[in-house]
Amino acid sequence: MRGRVVDSHRLPVVGARVTLTSITPDAPSRGAAISDAKGMFDITGLGKLRYEVSLRHPDFPDHRFTVQCPNAEVRWSLSYGGGLAFEVRDQQTRDLLSS
């Protein structure tokens, strides 16, 4: 399988780890690649099976989904996400101290 990993602005994501693992119990198959400077990756030797795809990059939440392989060239988009929200409250009064 060959393709490109981009962000939500359609810019290449460099260094994304793309892993495909067969979800067919009696046909184990697995492949992995790291996206290059153009976001491109190429995984060879995959059978005509359904695969779970794992996309990982430190700047994005992990993505998982399934695909049928082989497939035409694909483009997968990673979305920024995650974050942290919190409130600071007085222990006795429970009044909000900051927002």
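Just above sits the structure.
Only a predicted model underlies this, so the values are computations on that prediction, with no experimental measurement involved. Residue numbering note: each chain is counted from 1, following its sequence as written. Only residues with pLDDT of at least 70 are given local features in this predicted model, and only at 80 or more are side-chain atom pairs given and counted; all residues enter the totals for whole chains, interfaces and linings. No hydrogens and no water enter the side-chain calculation; it runs on all heavy atoms of the structure.

### Concerning the overall build of the protein chain
Secondary structure assignment for the protein chain yields zero helices and nine strands. Here a strand is any run of E in DSSP of at least two residues, a helix any run of H or I of at least four, and the numbering for each starts at the N terminus. Going residue by residue from the N terminus, the α and β elements of the protein chain occur as β-β-β-β-β-β-β-β-β. Throughout this description, buried means an accessible area under 20% of the type-specific maximum (1.4 Å probe, protein chains only), exposed means over 50%, and partly exposed covers the range between. By the burial criterion, 32% of the 99 residues in the protein chain qualify as buried. The contacts in the protein chain between residues at least 6 apart in sequence include a share of 44% that link residues at least 24 apart. A 1.4 Å probe and the Shrake-Rupley method give the accessible areas. Residues count as covered only by the protein chains that appear here. Carbon and sulfur atoms form 49% of the exposed surface of the protein chain, whose accessible area is close to 6,700 Å². Between two residues, a contact is recorded if the distance between any of their heavy atoms is within 4.5 Å.

### Focus on the nonpolar core
Put simply, buried Ala, Val, Leu, Ile, Met, Phe, Trp, Tyr and Cys residues joined by side-chain atoms within 4.5 Å make one nonpolar core. One finds Met1, Val5, Val18, Leu20, Phe41 and Trp76 to be the most contacted residues of the largest nonpolar core, which totals 20 residues. Those elements that place two or more of their residues in this core are strand E2 (17-22), strand E5 (50-57), strand E6 (60-68) and strand E7 (74-78).

### Here's the deal with the pairing of strand E1 (residues 2-7)
The side chains of a regular strand alternate, residue by residue, between the two faces of the sheet. For two strands to be treated as a pair, DSSP must find at least two bridges joining them. Here E1 runs beside strand E4 (residues 40-42); their pairing, made up of three bridges, is antiparallel. Paired with Arg4 across the bridge in E4 is Met40. Of the strand pairs in this sheet, E1 and E7 are connected by five bridges, and their pairing is parallel. By the bridge assignment for E7, Asp7 is matched with Leu78.

### As for the pattern of salt bridges
What counts as a salt bridge is simple: a side-chain nitrogen of Lys or Arg found within 4 Å of a carboxyl oxygen of Asp or Glu. All told, the structure shown has three salt bridges when counted by the stated rule. In this structure, the salt-bridge partner of Glu52 is Arg64, at a minimum N-O distance of 3.2 Å. Residue Glu52 is found in strand E5, and its partner Arg64 is found in strand E6; the two are separated by twelve residues along the sequence.

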